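# Descriptive structure summary
The chain contents come next:
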Amino acid sequence: KLQVDDLSLNTSNYEVLRGVTAIKLSHKEFALLEYFMHHPGQVITKDMIINHVWDEDADILPNTIEVYIGYLRNKIDRPFPDAKALLQTLRGFGYKLSA
């Protein structure tokens, strides 16, 4: 089980919770969030995401990463306006998941 602030991810049953609210993620969204949660507070570049979340033979464009980051934000941050946004964009550098 991985935890960042009030966001938890259980790798054995694929359950994601923000507080007590269950969040449904696609397989790729789950893999992306799991990668972020293994590196809390670290800046993650698009290349790092492509190399660790997608298969090495996949032809992924950087825009695809932006789309999936948007999907993740729509599920883990936007539905919780009273809580701090956890997924941050660092323009020109990458992304960071932190409390």
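Residues numbered from 1 in each chain as written. Predicted model: local features only at pLDDT ≥ 70, side-chain atom pairs only at ≥ 80, totals over all residues. Heavy atoms only, no water.

Another aspect to go through is unusual backbone geometry. Positioned with a positive phi, D5 is a non-glycine residue whose angle comes to about 55 degrees. Within the secondary structure layout, D5 lies in the loop between strand 1 (2-4) and strand 2 (7-10). (Helix = DSSP H or I, 4+ residues; strand = E, 2+ residues; numbered from the N terminus.)

Turning our attention to the side chain of S8. Checked against the element boundaries, S8 lands in strand 2. When its relative accessible area of 7% is taken as the criterion, S8 is described as buried. With near-sequence residues (within four places) excluded, S8 lies in contact with K1, L2, Q3, E15, V16, L17 and M37. (Buried < 20%, exposed > 50% of the residue type's maximum accessible area, 1.4 Å probe, protein only. Contact = heavy atoms within 4.5 Å.)

This part covers the side chain of E29. Assignment of secondary structure puts E29 in helix 1 (residues 27-38). Judged by its relative accessible area of 4%, E29 falls in the buried class. Of note is the side chain of E29, whose polar atom sits 2.7 Å from the side chain of K75. (Polar contact = N/O pair within 3.5 Å; in protein donor to acceptor, adjacent residues only side chain to side chain.)

The subject of this paragraph is helix 1. For helix 1, built from 12 residues, the straight-helix expectation of 16 Å at 1.5 Å per residue is met to within 8% by its first-to-last C-alpha distance of 17 Å. Listing the buried residues of helix 1 in full gives E29, F30, L32, L33, Y35, F36 and M37. (Expected span 1.5 Å × (residues − 1).)

Counting residues in each nonpolar core, the largest one holds 27 residues, and the members touching the most others are L33, F36, I49 and L97. Only strand 1, strand 2, helix 1, helix 2 (46-53), helix 3 (62-76) and strand 6 (94-97) provide two or more residues apiece to this core. Looking at this core element by element, the count peaks at six residues for helix 1. Not counting the four nearest positions on each side in its chain, L33 is found in contact with L7, L9, V16, L25, L72, I76 and L97. (Core = buried A, V, L, I, M, F, W, Y, C linked by side-chain atoms within 4.5 Å.)

Inspection of every chain in the model, using the stated rule, returns three aromatic pairs. Between Y14 and F30, the aromatic rings sit 5.0 Å apart at their centres with planes inclined by 65 degrees, giving edge-to-face as the arrangement. With Y14 in the loop between strand 2 and strand 3 (15-18) and F30 in helix 1, this pair connects stretches of sequence that are 16 residues apart. (Phe/Tyr/Trp six-rings, centres within 6.5 Å; stacked < 30°, edge-to-face > 60°.)

Take the environment of Y68 next. In this structure, Y68 sits in helix 3. Each C-alpha atom, one on Y68 and one on L9, is 17 Å from the other, the two residues being 59 residues apart in sequence. Among residues more than four places away in sequence, those in contact with Y68 are K28, E29, L32 and W54.

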